[in-house]
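Coordinate analysis (summary)
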Amino acid sequence: MALAGIIHEEHALEAIADRLEIIFLLVGMMIVVHLISETGVFQWFAVKVAQLVRGEPFALIVLLSIVTAVCSAFLDNVTTILLMAPISILLANQLKLNPFPFIMTEIMAANIGGSATLIGDPTQLIIGNEGDLGFNDFLFNTAPLSIVALICLIVTVYLLYGKKLEVSRDLKARIMELDASRSLKNMTLLKQSGSIFILIIVGFLMNNFIHKGLMVISLSGAIYLCIIAKKKPEEIFKHVEWDTLFFFVGLFMMVKGVEEVHFIDIIGNKLIDITAGNFNLAVMVVTWVSALFTSIIGNVANAATVSKIIHVMSPAFEGLNTQAFWWALSLGSCLGGNATILASATNVVAVGAATKAGCKISFVDFLKFGLIVTIQSLVLASAYIWLRYL
């Protein structure tokens, strides 16, 4: 954008500076989650879940999807799927079952769970920043729909695969014989990282009262944890997902360039014309158009672009509950992330992990499953938005 003369390099840097809170919030959470993962607690938990249901395959899918959704809401969905996917494949192989329904259900659950909070999905951070929305705003507005969408997902998986998942008693016995405690590696670090993580989440919930930004809370917790865990910075920085962070840097500059050529103004005004000033229709259009764009260009790029379009559209509906646009964008982006492999980084990471473990998931196979879940969850989201905000 700067090389082509569309934007000045100072504007490119300003585009990053305006959203540094997102970058540093992600850095802090990545560090904390990495140190938690070093303890092996996620693997321990997965084995315990399998033993809790005594190796019953559908019950195992249900519990793993719930754990994935909850973790995605408070960690982030990419990290969660990286931790949970290999465990699910291991458990499916132990039971001599096709890992496909296990992995696909977890991917869908991760994207659905990520929509529940501000930190659950990178798209939420962008939307929160653009719409001036806090952690509790997302918790009270998007989390209820996430719970309903997760229940709907579980019912769908049962109808598609429930009766096909049969396991012999011998294989169930093998699951019960697994020693979960062998997964735990560092109890001291587990106590330290667990305590800091809880304090960070409490800080997020209380940030309106303590008047500290999410970035300050996240990064302070990460730095303090590194100090008490006696971790060297160079060791920690190796595990920060720099490709994700620099993707955001590039994205912010790209969106700034798109703004400069007035493309966003054109799209925003076009949507106003199409909806003919009908606020309810405009909100529904944002929901479904966001999902469609997400399936093609990915949810992060969609959120960054459509959030600017909302700024253009909102003045035309002054006096109405224009905050509904942000919840429409949030749910459309996150739930639309289940449509195709390319729609979310979570999908790409999970499919890659599955391939490494010997479970190849094609674009078409993903689309067949993902489209069913996406459409039904978007219908639910539309009904939810209509009843609550319109």
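Worth saying up front: this structure is predicted, and the values here are computed from it rather than measured. (Residues numbered from 1 in each chain as written. Predicted model: local features only at pLDDT ≥ 70, side-chain atom pairs only at ≥ 80, totals over all residues. Heavy atoms only, no water.)

Moving on, we get to the overall build of the protein. Scanning the protein for helices and strands turns up 21 helices and zero strands. For 390 residues, the compact-globule estimate of 2.2 N^0.38 gives 21 Å, and the C-alpha radius of gyration of the protein, at 21 Å, lies within 12% of that figure. When its C-alpha atoms are laid out on the principal axes, the protein stretches across 65 × 50 × 40 Å. Looking at the protein as a whole, 56% of its 390 residues qualify as buried. Considering only intrachain contacts with a sequence separation of at least 6, the fraction spanning at least 24 residues in the protein is 80%. For the protein, the accessible area works out to roughly 17,400 Å², and carbon and sulfur atoms hold 65% of it. Mean positive and mean negative side-chain charge positions of the protein (24 and 27 charges, respectively) differ by 14 Å. (Helix = DSSP H or I, 4+ residues; strand = E, 2+ residues; numbered from the N terminus. Rg over C-alpha atoms; globule rule 2.2 N^0.38 Å. Buried < 20%, exposed > 50% of the residue type's maximum accessible area, 1.4 Å probe, protein only. Contact = heavy atoms within 4.5 Å. Areas by Shrake-Rupley, 256 points an atom, 1.4 Å probe, with all protein chains shown as cover. Lys, Arg positive; Asp, Glu negative; His and termini not counted. Charge placed at Lys NZ, Arg CZ, Asp CG, Glu CD.)

Our focus in this paragraph is the UniProt feature "transmembrane region" (unreviewed entry) in the protein. Within the UniProt annotation, "transmembrane region" (unreviewed entry) is assigned to residues 22–46, 58–91, 138–161, 189–207, 213–229, 279–304, 324–354 and 366–387. As annotated, residues 58–91 has a helix share of 94% and a strand share of 0%, and its two end C-alpha atoms lie 12 Å apart. Along residues 324–354 one finds 74% helix and 0% strand; the C-alpha atoms at either end are 37 Å apart. (UniProt positions renumbered as here; feature names shortened; annotations may be inferred.)

Together, Ile198, Val202, Leu205, Met206, Phe209 and Ile210 make up an exposed nonpolar region whose accessible area comes to about 550 Å². Here the element with the most residues in the nonpolar patch is helix α11 (residues 187–205); it accounts for three residues. (Patch = residues over 30% accessible without salt bridge, like charges linked within 9 Å, V, L, I, M, F, W, Y side chains within 5 Å. Salt bridge = Lys/Arg side-chain N within 4 Å of Asp/Glu carboxyl O.)

With respect to the element layout, Asp121 can be found in the loop between α6 (100–114) and α7 (122–131). Each C-alpha atom of the pair Asp121 and Leu219 lies 18 Å from the other, and the pair is 98 residues apart in sequence. A polar contact is formed between the side chain of Asp121 and the side chain of Thr123, at a distance of 2.9 Å. (Polar contact = N/O pair within 3.5 Å; in protein donor to acceptor, adjacent residues only side chain to side chain.)

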